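# A closer look at the structure
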Amino acid sequence: MSARPNAATETASATETASAAGSADACCTGPLPVLGRDVTVPLVTGGEVTYAALDYAASAPALQRVWDDVAAYAPYYGSVHRGAGYLSQLSTDLFEQSRATVAGFLDCREDDQVVFTRSTTDSLNLLAQVVPAGCQVFVFETEHHASLLPWRDAQVTYLNAPRTPAQAVETLERALADRDPYGPALVCVTGASNVTGELWPVRELAAAAHAHGARIVLDAAQLAPHHPVSVKDLDVDWVAFSGHKLYAPFGSGVLAGRADWLRAAEPYLAGGGASRTVARRADGGVDVEWHTTAARHEAGSPNVIGVYSIASACKALTEAGFDTLVARERQLIDTVRAGLAEVPEVRVLSLFGDDAPRVGVISFVVDGWNSSHFAAALSAEYGIGVRDGLFCAHPLVRTLLGSDAQDPGECGAPEAEPGERSLNAIRVSFGAGTPDEHVERFVGAVKELVRDGAQWKYRTEDGRCVPDCG
C-alpha cells in the first residue's frame, strides 16, 4: 500500500475521533457546539456574564468540530503540491480532498472549478479580474461592498433597491433588455442580505440573466452558513463565500463555478503554483505556461489550514442537516422579531416586508438613541455582542434609513455623542451555534434599555462609543 493512503487514513482516524467527540454533546434540536460558548466577560456595572455572541454576520465562531479537525491535522501539516515527503503528500491529498468536499457541498457541475481564495471579497475581486473585455456588469445598490465595488475595469450598471422580490427580477430584466446584446454580461447578486437577512430570488434572477445572454455570480457569504446552496438548482454560474462566516475562521474563501473565463484570463496572482513551466528566451525574457486548472489562480503556498477548515465546516453542516438547522433558526428569528415588535421605539429595517423569508440577520434603529450608544450599552451592561454602523453596505442602509447621500455615516461608529441622531443602525445576527438564552437575553436587554435607559455614562473615543470610566 502506498504512503499517501496510509497517511491519509492516519489523519482521518484522528479527525474522526475528534469529530465524534465534538458532535456527541450536540443535541439534534439544540445549538451546534462552537468555541467561546462558555467565555465570560466583565460588566461595567460589576460582575461577569457568559458572553452572548450575536454578530455572526460579521464572523461566526468556529465550530468545535472544525477546531478539533484542524487540531488533529496540525501535526501532519506540510507543503502542498511541492514535496515528495510523507507529510507533504498527505497535505496535498487533504487539500484536494477539501476541494472535492466543497464542490459537493455546493452541488457543483462536473466541469466547474473550485478556487480557494482569502475571502468572499477576494473571490469577487478575482472574478472581476477575469471577466472578458467589454463585459457589462449589473449590480443592485443593495449589495455588500464586496459585491458592489470590485468591478472597476468593467462597464457597471447600478440598479436601484427593489421593494419586492418580483420587482428585483423586473428591474434586472429591464436593465438587461437595454444592454448591448452582443457583448458579455455578468449579474452579481446576494443570496441573503447582510443588513436585513432577507432572501433574494436567486433562481428567478439567474433565469432572467440567462434569458438575456448574461451570466450570474451569487454572493453566498450570508446564505451558505444558513441554507443549502446548490449551483445546479439555482443555476448560477459562480458562487462565492467565506470560511469565517461558515464557522471556519482561518482566512480562506471560495470561488466556484464555470471554468472558461477563469482559464482564459491571466492568473490573478503571478508566481509559483500558478505556472506549469517557465523558461528563458533568447532575448532575455521568460516564457510562461500557466495551469488551466484552479491552480492558475492559486499562486503561492496555499492556506491549507483554512481550506481544510472550510471542508470540515461543510461536512459538519451537512451532517447536522440543513432542514433541522433552518427550522431552529426560524424559531430564533421569530423570538427576536416578536420581542422587538413589542417595543414601539424600535424600527426593524426591511426591503421586502415582514413576511419575507430571511436568515438570522436583523438590523434596526431605536428612536431617541444613537445606535452606537445602544450597541455599546448592550455590550458593557449585558455582555451582548452586536454590530453597529452601515455594515459595509452604505447605499442600502442609507436607502433603508431614508437618508441623503451627503449625510454623515461610515462602517464604524460615527463621531456622534450618545443620544445624538446618527446615520447608522444596530445589527443582531445568529446561527447554528446560538443558544436560546442568548437571543432571549438580547430581547430582554433591548426592552430594559428602551424603558429605563443606560445605567452607565458613555463617551466617544477614537470613533467608538465606550463606557466613561474616567
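Report follows, based on the coordinates.

Rules and cut-offs
Residues numbered from 1 in each chain as written. Predicted model: local features only at pLDDT ≥ 70, side-chain atom pairs only at ≥ 80, totals over all residues. Heavy atoms only, no water. Phe/Tyr/Trp six-rings, centres within 6.5 Å; stacked < 30°, edge-to-face > 60°. Buried < 20%, exposed > 50% of the residue type's maximum accessible area, 1.4 Å probe, protein only. Salt bridge = Lys/Arg side-chain N within 4 Å of Asp/Glu carboxyl O. Helix = DSSP H or I, 4+ residues; strand = E, 2+ residues; numbered from the N terminus. Pairing = 2+ DSSP bridges. Axes fitted to C-alpha atoms, helices over the stretch in contact; angles between N-to-C directions. Contact = heavy atoms within 4.5 Å.

Summed over the entire model, instances satisfying the criterion amount to 12 aromatic pairs. Between Tyr73 and Tyr77, the aromatic rings sit 6.5 Å apart at their centres with planes inclined by 70°, giving edge-to-face as the arrangement. Judged by its relative accessible area of 46%, Tyr77 is partly exposed. Aromatic ring contacts, followed pair by pair, group Phe364, Trp369, Phe374 and Phe442 into a single cluster.

Bringing the pattern of salt bridges into the picture now. Scanning the model with the defined rule gives 23 salt bridges in all. Between Asp237 and Arg258 there is a salt bridge, and its shortest N-O distance comes to 2.6 Å. Placement of Asp237 in the loop between helix 8 (231–234) and strand 9 (238–242) and of Arg258 in the loop between strand 10 (253–257) and helix 9 (260–264) is noted, with a sequence separation of 21 residues between them. For Arg258, a relative accessible area of 25% corresponds to the partly exposed category. Close ionic contact of Arg328 with Asp436 constitutes a salt bridge, the shortest N to O distance being 2.8 Å. Of the two residues, Arg328 sits in helix 11 (residues 322–341) while Asp436 sits in helix 14 (residues 436–452), which places them 108 residues apart along the sequence. Of the residues examined, Arg328 reaches a relative accessible area of 9% and is grouped as buried. Here Asp436 falls in the partly exposed class, since its relative accessible area comes to 40%.

Our next topic: the sheet that holds strand 17 (residues 425–429). Taken in spatial order, the four strands line up as 13-14-17-16 in an open sheet, and their pairing is antiparallel. At either end of the open sheet lies a strand with only one pairing partner, and these are strand 13 (346–348) and strand 16 (387–389). Pairs of neighbouring strands in the sheet enclose a mean axial angle of 30°, with direction left out of account.

For residues that are not glycine, phi is negative in most cases, and the peptide bond is trans in most cases. Backbone geometry places Phe391, a non-glycine residue, at a positive phi of 60°. Note on placement: Phe391 falls in the loop between strand 16 and helix 13 (394–401). For Cys392, which is not a glycine, the phi torsion comes out positive at approximately 50°. Structurally, Cys392 can be placed in the loop between strand 16 and helix 13. Judged by its relative accessible area of 26%, Cys392 falls in the partly exposed class.

With that settled, the discussion passes to the sheet that holds strand 8 (residues 215–219). One open sheet holds the seven strands; their spatial order is 4-10-9-8-7-5-6, and the pairing between them is mixed. Only two strands of the sheet have a single partner each, and these edge strands are strand 4 (113–117) and strand 6 (155–159). Averaged over all pairs of adjacent strands, the angle between strand axes in this sheet comes to 20°, irrespective of strand direction. Here five bridges tie strand 9 to strand 10, and the two strands are oriented antiparallel to one another. Across the sheet, residue Phe241 finds its bridge partner in strand 10, namely Val254. Taken strand by strand, helix 6 (residues 165–177) contacts strand 5 (136–140), strand 6 and strand 7 (185–190), and its axis lies near 160° from that of strand 5.

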